[in-house]
Amino acid sequence: MRKKLCCLMMCTMIALTMPFSAAAAEKTMARNVYPNQTPAATAETQTAQETQTAAETTAVQASTVTGNYTVDNVDADYAIEADINLAGIAGSASIAKVAICCAWSAIAFDIVTDSTPEKTFFYRENIHSNAAGDQDYSERSQYPTAELGQTYHLMISFRKDGQCATYVNGELIETFTNEEMINYTIYDMSIEAGAMQDGQSVDAVFSNIRIKKGNKISSNNWSLKNMDNNPGIHSDTSQFAGSGVIKINGTIQLADGENWDTAYNGTSGKIYFE
């Protein structure tokens with residue numbers, strides 16, 4: 001398994017277990033919003049929009065998007081968006097995310113909770129590489145407040161010049177850069193959900209999933225690759241073809257003392273769209 005599959009779970013536990021001011025001091029990236037980024041339909045986007053099926057259009061309209069941005073008009077070469085509902089399970093810390101990965105670099109946009117309203121938040125991961133110190137993460141102050149048990153529409157995008165962006169409910173939240181990802185030619189789009197340590201559970205529902213890969217934009221015209229990596233957590237794709245829903249749930253099985261930082265390649269359910 002390529003090492004990129006493990007890097008996105010790193011350091012999330014710190015944000016849940018430390019006072020957040022301390023976590024932010026160790027993992028911070030200044031917010032840098034590009035003021036001139038506005039929705040613009042390119043010729044490729046217009047072509048893709050014209051070829052959408054009625055089912056795809058209905059799915060987008062039925063989602064929680066209230067802002068201007070979707071994969072159909074975002075200024076990016078790659079993007080993935082989805083409605084995500086992450087249930088708060090008492091006594092469990094869990095995470096659900098959309099991600100864009102390369103062989104050694106990745107970006108992800110998450111919802112994280114320890115099942116309490118005080119520690120339910122949005123979280124951006126920017127993995128330049130797996131080298132020590134070559135990752136940066138968002139501060140809670142950069143994002144709107146997340147409410148426990150609510151459904152949010154998250155999107156993350158990547159442009160081939162290295163510009164990346166995160167969106168909540170169609171609203172631009174943050175732009176940042178990952179110059180290392182410029183060097184790759186293969187970009188994998190995925191959804192993922194997991195729990196922190198042995199005996200803890202996750203219950204995540206992804207719907208209205210929509211993906212842009214170059215000129216291709218689609219909700220369900222993708223081959224699914226199951227990359228579940230823990231025996232207690234399972235991805236259910238049985239509803240994807242009909243309704244576009246994927247569920248990831250279960251109770252994590254880890255050795256005593258392990259968690260999603262020390263065993264980060266084995267704590268989640270994950271689906272790739274190919």
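Higher on the page you've got the structure.
Cut-offs applied
Every chain's residues receive numbers from 1 upward, in the order its sequence appears when written. A pLDDT threshold of at least 70 governs which residues receive local features in this predicted model, and a stricter bar of 80 or more applies before side-chain atom pairs are shown or counted, although totals over entire chains, interfaces and linings include all residues. Side-chain measures were taken over the full set of non-hydrogen atoms in the model, leaving aside hydrogen atoms and water. Secondary structure elements follow DSSP: runs of H or I no shorter than four residues count as helices, runs of E no shorter than two count as strands, and numbering proceeds from the N terminus. Here a polar contact means two N or O atoms within 3.5 Å. Within protein one must be a hydrogen donor candidate and the other an acceptor candidate, and residues neighboring in sequence count only if both atoms are side-chain atoms. Residues belong to a common nonpolar core when they are buried Ala, Val, Leu, Ile, Met, Phe, Trp, Tyr or Cys residues joined through side-chain atoms within 4.5 Å. Using a 1.4 Å probe on the protein chains alone, a residue whose accessible area is under 20% of its type maximum counts as buried, one over 50% counts as exposed, and one in between counts as partly exposed. Here, strands pair whenever DSSP counts at least two bridges between them. Angles here are taken between N-to-C directions and fall from 0 to 180 degrees, while the axes themselves are lines fitted to C-alpha atoms, restricted in helices to the stretch in contact. We call a pair of cysteine sulfur atoms a disulfide whenever their separation is within 2.5 Å. When two rings of Phe, Tyr or Trp (its six-membered ring) have centres within 6.5 Å they constitute a pair, described as stacked for plane angles under 30 degrees, edge-to-face for angles over 60, and tilted for the intermediate range. Here, a salt bridge means any side-chain nitrogen of Lys or Arg that lies within 4 Å of a carboxyl oxygen of Asp or Glu.

This next bit is on the side chain of Ser-138. Of note, Ser-138 is situated in the loop between strand E5 (135-137) and strand E6 (151-158). In terms of polar contacts, Ser-138 uses its side chain to reach the backbone amide nitrogen of Arg-124, at 2.8 Å.

This next bit is on the nonpolar core. Grouped together as the largest cluster of nonpolar side chains are 44 residues, with contacts concentrated most on Ile-100, Phe-206 and Phe-273. Counting residues in each nonpolar core, the second largest holds 15 residues, with Ala-93, Ile-95, Ala-99 and Ala-106 among its members.

A few words now on the sheet that holds strand E3 (residues 106-113). Strand order in the open sheet formed by 7 strands is E5-E4-E3-E2-E9-E15-E12, with antiparallel pairing between adjacent strands. Of all the strands in the sheet, the pair left with one neighbour each is E5 and strand E12 (224-226). Across the sheet, the mean angle separating the axes of adjacent strands is 20° when strand polarity is ignored. Here 3 bridges tie E12 to strand E15 (residues 268-273), and the two strands are oriented antiparallel to one another.

Before going further, it helps to spend a moment on the pairing of strand E2 (residues 94-101). Counting buried positions over the 8 residues of E2 gives 8, a clear majority of the element. Where burial is concerned, the two faces of E2 agree: the one with Ser-94, Ala-96, Val-98 and Ile-100 and the one with Ile-95, Lys-97, Ala-99 and Cys-101 are both buried. Once E2 ends, the chain turns through 4 residues before running back antiparallel as E3. As judged from the 8 bridges shared by E2 and strand E9 (residues 188-195), these two strands associate in the antiparallel manner. Residue pairing in the sheet places Ile-95 in a bridge with Gly-194 of E9.

So, about the state of the cysteines. Enumeration according to the criterion identifies 0 disulfides in this entry. The thiol of Cys-102 is unpaired, and the distance to the nearest cysteine sulfur, on Cys-101, comes to 7.6 Å. The thiol of Cys-164 is not disulfide-bonded; the next cysteine sulfur, from Cys-102, is found 9.4 Å away.

As a further point, take the packing of aromatic side chains. The geometry of an aromatic ring pair comes down to the distance between the two centres and the angle between the two planes. Going through the model one piece at a time under the given rule, you end up with 9 aromatic pairs. Residues Phe-121 and Tyr-123 carry aromatic rings whose centres are separated by 6.1 Å and whose planes lie at 75° to one another, so their mutual orientation is edge-to-face. Taking relative accessible area as the criterion, Tyr-123 reaches 1% and is therefore assigned buried. Between Phe-240 and Phe-273, the aromatic rings sit 6.0 Å apart at their centres with planes inclined by 55°, giving tilted as the arrangement. Note that Phe-240 is positioned in helix H5 (residues 240-243) and Phe-273 in strand E15, a separation of 33 residues in sequence. Here Phe-240 matches Phe-273 in class, with each residue buried. Site record: aromatic cluster; members linked through ring pairs are Phe-109, Phe-122, Tyr-143 and Tyr-152.

Counted by the stated rule, this structure contains 8 salt bridges. Across the pair Arg-210 and Asp-72 runs a salt bridge whose closest N-O atoms are separated by 3.1 Å. In this pair, Arg-210 is assigned in strand E10 (residues 201-213) and Asp-72 in the loop between helix H4 (54-61) and strand E1 (78-86), connecting sequence segments 138 residues apart. Judged by relative accessible area, which is 6%, Asp-72 ranks as buried. Salt-bridge contacts for Arg-159 lead to Asp-75; the nearest nitrogen and oxygen are separated by 2.6 Å. With Arg-159 in the loop between E6 and strand E7 (163-168) and Asp-75 in the loop between H4 and E1, this pair connects stretches of sequence that are 84 residues apart. Overall, the relative accessible area of 35% leaves Asp-75 in the partly exposed class. Salt bridges sharing common partners tie together Asp-75, Arg-159 and Asp-161.

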